[in-house]
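# Notes for the structure review
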Amino acid sequence: MNHLPLIIKREYLSKVKNKSFIVMTILSPIIMIALISVVAYLSQLNNDKVRTISILDESGKVKDIFESTDNTTYNKLDGMSLEDAKTLVTETSGYGLLHIKDIENVKELSENIKFYSEESPSLTVISKLENKLERHLTLINYENVGIDIDKIKDSKVTVDIFQENFVGETSSKTDSIIKLIFGGAAGYLLFMFIIIYGNMIMRSVIEEKTSRIIEVIVSSVKPVQLMLGKIIGTSLAGLTQFAIWLILGSILLFVVSAIFGIDMAQMQTPQQAAIQQAMENPEVNTKIQEAMQGFFNLPLTNLIIAFIFFFISGYLLYSSLYAAIGAAVDNETDTQQFMLPIIMPLILAVYIGIFTVIEDPHGTVSTVFSFIPFTSPVVMLMRIPFGVPIWQQLLSLALLIGTFVFTVWIAAKIYRVGILMYGKKPTYKELLKWIKY
């Protein structure tokens, strides 16, 4: 009799009704949203803070280039010594003092600019000051050596190589970046899902083994059915938890923003602020349109279908190994000796995806590792956005499914013997004996 549906149902219900599962499912998004809210609130306070920077320009060359903004006020000081300026800034609790010495030579002047402050200044503030000074002093230097600045600007040439294959399909560097992001996100999601929920399956097997419940269950159920039921049931519980996190997290994010008036858009790094500023540039807007076009040029149907099959197959492959390890040991501490051979192919797949697929998605290394079952779920998902022939995808998937079936057979043999073994730490030699048994 096929008991697999009953085992899946039992495993799923036992997981979702578990107190720790319920608590973590509810608390995780609350804790995450609380952290995001705190960071957003502090970022909002930081962005609302107005810095007053005093400028003491003894050379008279640069003081006119600084214009006050909403967050930065420039106070230009004239006719006072450096010590008096320091005292003034300290007494008025200013953010800092920018001192430019009275030196005629621009090159020498650029090497004698100092910023005085009570505490270590923000890297962003210093970078902005340096950029303003560099641009202005460079223009002054051009004029001093008799170079026509307008001619330099007119002489600048921008090269943007258009890409087109022999069939006539066009692409761009932006398209490659979009493909890389999409493939990398898919591969990384699979990697994290395997790590998180594979460990959950392993712990579930260990718990039932140590509580001796497994001895009763195995008397009426085949070990392979029991193992597959645990894998599928735990996977469904993981998907349920993931869906609840998304829904609950979105609701909490909206509620926190509405009640406490926290603007999540304020939670931005200096780089994000620079990007936001750059978006006002027409050229940047053109790049954004290219990025959107690149996204829609992706083989979305192929990507979605391939993602589903490779995600499920890859996850089931590794889950069967986690279940076998759980059956072979008595406690979680003993699992460490068996974890490295499982984790290493995953880590290798991620590194190959990042460092090889990016550079040459159709090269020998990328192609070979997209066929090896233990690395193909990650590497192939990263390659597909760059255009992989359907026959290669099907061959890779067939090898992956075939390896999964073989791995389940091997894991079931370990599982069949291991679930009834207690009090002894297994070795690789003993695992081979169990497989041959």
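Residues numbered from 1 in each chain as written. Predicted model: local features only at pLDDT ≥ 70, side-chain atom pairs only at ≥ 80, totals over all residues. Heavy atoms only, no water.

### Comments concerning the overall build of the chain
- In terms of helices and strands, the chain carries 17 helices and 6 strands.
- Relative to its 437 residues, the chain shows a buried fraction of 39%.
- For the chain, the share of sequence-separated contacts (at least 6 apart) that also reach a separation of at least 24 residues comes to 72%. (Helix = DSSP H or I, 4+ residues; strand = E, 2+ residues; numbered from the N terminus. Buried < 20%, exposed > 50% of the residue type's maximum accessible area, 1.4 Å probe, protein only. Contact = heavy atoms within 4.5 Å.)

### What about the packing of helix α13 (residues 336-357) against helix α15 (residues 376-383)?
- Interhelical geometry of α13 versus α15 gives an angle of 20° and a closest axis separation of 8 Å. Judged on the interaxial angle alone, α15 and α13 are roughly parallel. Handedness of the crossing formed by α13 with α15: right-handed. On the side of α13, the interface is formed by L346, A349, V350, I352, G353, I354 and V357, while α15 contributes V378, V379, M382 and R383.
- Of the residues contributing to the contact of α13 with α15, the split by class is 9 nonpolar, 1 polar and 1 charged. (Axes fitted to C-alpha atoms, helices over the stretch in contact; angles between N-to-C directions. Parallel < 35°, antiparallel > 145°, perpendicular 65-115°, else oblique. Left-handed = near helix turned anticlockwise from the far one by under 90°. Nonpolar A, V, L, I, M, F, W, Y, C, P; charged D, E, K, R; others polar.)

### What about the packing of aromatic side chains?
- For the structure shown, the criterion picks out 10 aromatic pairs.
- In textbook terms, an aromatic cluster arises when at least three aromatic residues are bridged by ring pairs, as seen for F193, Y197, F307, F311 and Y315.
- Between R51 and the ring centre of Y95, over which it is positioned, the NZ or CZ distance is 5.2 Å. (Phe/Tyr/Trp six-rings, centres within 6.5 Å; stacked < 30°, edge-to-face > 60°. Lys NZ or Arg CZ within 6 Å of the ring centre and 35° of its normal.)

### Points about the side chain of Q392
- When you line up the elements, Q392 lands in helix α16 (residues 390-418).
- Judged by relative accessible area, Q392 falls into the buried class, the value being 11%.
- Excluding residues within four positions of it along the chain, Q392 makes contact with T367, F371, M380 and R383.

### Observations concerning the nonpolar core
- Counting 60 residues, the largest nonpolar core has M227, F310 and Y315 as its most contacted members.
- Looking at which element gives the most residues to this core, the answer is helix α12 (residues 300-328), with 14 residues.
- With sequence-adjacent residues up to four places away left out, F310 is seen in contact with L190, Y315, S376, P377, M380, L381, I384, Q393, S396, L397 and L400.
- Within the second largest apolar cluster, 17 residues are counted, among which are Y95, V125, L129 and L133. (Core = buried A, V, L, I, M, F, W, Y, C linked by side-chain atoms within 4.5 Å.)

### What about the environment of N331?
- Looking at where N331 falls in the secondary structure, it is placed in the loop between α12 and α13.
- Along the sequence, N331 and I206 sit 125 residues apart, while their C-alpha atoms lie 6.4 Å from each other.

### Quick word on unusual backbone geometry
- With a phi close to 55°, S93 is a non-glycine residue in the positive phi region.
- The topology assignment puts S93 in the loop between α3 (82-91) and β3 (96-100).

### Considerations on the side chain of S313
- For S313, the location among the structural elements is in helix α12.
- Side-chain polar atoms of S313 contact the backbone oxygen of F309, separated by 2.8 Å.
- In this structure, S313 is in contact with L397, L400 and I401, ignoring residues within four places of it in sequence. (Polar contact = N/O pair within 3.5 Å; in protein donor to acceptor, adjacent residues only side chain to side chain.)

### Quick look at the UniProt feature "transmembrane region" (unreviewed entry) in the chain
- Within the UniProt annotation, "transmembrane region" (unreviewed entry) is assigned to residues 21-42, 180-201, 242-262, 295-318, 338-358, 365-384 and 390-412.
- Within residues 21-42, the helical portion is 100% and the strand portion 0%, while the C-alpha atoms at the span's ends are 31 Å from each other.
- Annotated as 100% helix and 0% strand, the span residues 180-201 places its first and last C-alpha atoms 31 Å apart. (UniProt positions renumbered as here; feature names shortened; annotations may be inferred.)

### With respect to the confidence of the model for the chain
- With 81% of its residues at a pLDDT of 70 or more, the chain shows a mean pLDDT of 78.
- Segment residues 266-275 is flagged for pLDDT under 50; beyond a separation of four residues in sequence, or across chains, it makes 13 contacts in the model. (pLDDT = per-residue confidence, 0-100.)

### Some remarks on the sheet that holds strand β2 (residues 72-77)
- Here we have 4 strands laid out as an open sheet, ordered β2-β1-β3-β4, and mixed in their pairing. The open sheet has two free edges, formed respectively by β2 and β4 (113-116), since each of these has just one partner strand. Strand-to-strand twist in this sheet, taken as the mean axis angle between neighbours without regard to direction, amounts to 20°.
- Sheet topology places strand β1 (residues 51-57) next to β2; 6 bridges connect them, and they run parallel. Along β2, the bridge assignment pairs R51 with T72.
- Strands β1, β2, β3 and β4 of the sheet are contacted by α3, whose axis makes an angle of about 160° with β3.
- Here helix α5 (residues 123-144) sits on the sheet in contact with β1, β2, β3 and β4, set at roughly 155° to β4. (Pairing = 2+ DSSP bridges.)

### Digging into the pattern of salt bridges
- The full count for this structure, using the stated rule, is 5 salt bridges.
- Of the charged contacts, one joins E11 and R10 as a salt bridge, the two residues approaching to 3.6 Å between their closest N and O atoms.
- Taking relative accessible area as the criterion, R10 reaches 36% and is therefore assigned partly exposed.
- Several salt bridges converge on common partners, so that one network encompasses R10, E11, K15 and K230. (Salt bridge = Lys/Arg side-chain N within 4 Å of Asp/Glu carboxyl O.)

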